[in-house]
Amino acid sequence: MHNGVQYAPLTPHPPLLISPSSPPASLSIPPPPPITAAAAANQNMLLSVFLALFLPCVGMSAIFLIYICLLWYAANHHHHSEIVTPVKPSAEKGLSASDLEKLPKTTGKELILGTECAVCLDEIESEQPARLVPGCNHGFHLECADTWLSNHSVCPVCRAKLDSQFFNASTDNPC
């Protein structure tokens, strides 16, 4: 006892020996359980699913970035001194009403190359009036041919251009 306070006697403790090779029993961590075949298969499946979803996303992102870079490059590195707008070639008008009257008329039974009208896709009956395109001898309903040829100066089947020689009233006219 010292100054009215009683102290407990010191008991010697066993020395703590900590070595790096063997941790004390109270601090040791148990080893993980062995991995079974089912757990390994689950891990492999999860990895496969992750890669199957992740890799296409990365690939598409890379393609998108390359596309954006190409657009940026094209917009910034191709300077023209003047802006060139695309010019549509002047479309030739079709035939005039007087030119249409000069084309030969016939009936469906006199057609040589078939009786189907390529404009409306109907058959030309034997007594229906038809128009014969000179040069290629394709036949069409009279109304169909006039409608087409008033807007275009080519045959609707073979795209043969109707030359001005077909409308001259000379003796050289092949029709």
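Model, not experiment: these values are computed from the prediction.

**A few points about the sheet that holds strand E1 (residues 105-107)**
With antiparallel pairing, three strands are arranged side by side in an open sheet as E1-E2-E3. The open sheet is flanked by E1 and strand E3 (139-141), the only strands paired with a single partner. Averaged over neighbouring strand pairs, the angle between their axes works out to 45° when direction is ignored. Sheet topology places strand E2 (residues 129-132) next to E3; three bridges connect them, and they run antiparallel. Within the sheet, the bridge partner assigned to Ala-130 lies in E3 and is His-141. Where helix H3 (residues 142-151) meets the sheet, its contacts fall on E1, E2 and E3, and the angle it forms with E3 comes to roughly 100°.

**A word on the nonpolar core**
Core analysis: the biggest nonpolar cluster contains 17 residues, and Leu-95, Val-133, Phe-140 and Leu-149 have the highest contact counts within it. Of all the secondary-structure elements, those providing two or more residues to this core are E2 and H3. Among the elements that take part in this core, H3 stands out by supplying four residues, more than any other.

**Considerations on a nonpolar patch on the surface**
A contiguous nonpolar patch, built from Leu-47, Phe-50, Leu-51, Phe-54, Leu-55 and Val-58 and spanning about 550 Å² of accessible area, is present on the exposed surface. Positionally, Phe-50 belongs in helix H1 (residues 37-77).

**Considering the side chain of Arg-131**
Mapped onto the elements of the fold, Arg-131 is located in strand E2. Residue classification places Arg-131 among the buried positions, given a relative accessible area of 1%. Within the structure, the side chain of Arg-131 is placed 2.9 Å from the backbone oxygen of Leu-100, a separation counted as a polar contact. When near neighbours in sequence (up to four residues on either side) are disregarded, Arg-131 contacts Leu-100, Leu-103, Pro-104, Lys-105, His-138, Gly-139, Phe-140, His-141, Leu-142, Ala-145 and Asp-146.

**Some thoughts on unusual backbone geometry**
Residue Asn-137 is not a glycine yet carries a positive backbone phi of 60°. Here Asn-137 falls in the partly exposed class, since its relative accessible area comes to 33%. In this structure, Arg-159 takes a positive phi of about 60° despite not being glycine. Within the secondary structure, Arg-159 sits in the segment after H3.

**Regarding the pattern of salt bridges**
Under the definition given, this model contains two salt bridges. Its salt-bridge partner being Glu-101, residue Lys-105 comes within 3.4 Å of it at the nearest N-O pair. Among the residues examined, Glu-101 registers a relative accessible area of 52% and is labelled exposed. Two residues, Asp-146 and Arg-131, come together in a salt bridge whose shortest N-O distance is 2.9 Å. On the criterion of sequence distance, the pair formed by Asp-146 in helix H3 and Arg-131 in strand E2 is long-range, its members being 15 residues apart.

**A few points about the packing of aromatic side chains**
Tallying each qualifying case throughout the model produces one aromatic pair. Ring plane angle 10° and centroid distance 5.3 Å describe the contact between Phe-50 and Phe-54, whose orientation is recorded as stacked. Pair noted here: Phe-50 and Phe-54 are both in helix H1, with a separation of four residues, about one helical turn.

Reading the values: the criteria
- Residues numbered from 1 in each chain as written.
- Predicted model: local features only at pLDDT ≥ 70, side-chain atom pairs only at ≥ 80, totals over all residues.
- Heavy atoms only, no water.
- Pairing = 2+ DSSP bridges.
- Helix = DSSP H or I, 4+ residues; strand = E, 2+ residues; numbered from the N terminus.
- Axes fitted to C-alpha atoms, helices over the stretch in contact; angles between N-to-C directions.
- Contact = heavy atoms within 4.5 Å.
- Core = buried A, V, L, I, M, F, W, Y, C linked by side-chain atoms within 4.5 Å.
- Buried < 20%, exposed > 50% of the residue type's maximum accessible area, 1.4 Å probe, protein only.
- Patch = residues over 30% accessible without salt bridge, like charges linked within 9 Å, V, L, I, M, F, W, Y side chains within 5 Å.
- Areas by Shrake-Rupley, 256 points an atom, 1.4 Å probe, with all protein chains shown as cover.
- Salt bridge = Lys/Arg side-chain N within 4 Å of Asp/Glu carboxyl O.
- Polar contact = N/O pair within 3.5 Å; in protein donor to acceptor, adjacent residues only side chain to side chain.
- Phe/Tyr/Trp six-rings, centres within 6.5 Å; stacked < 30°, edge-to-face > 60°.

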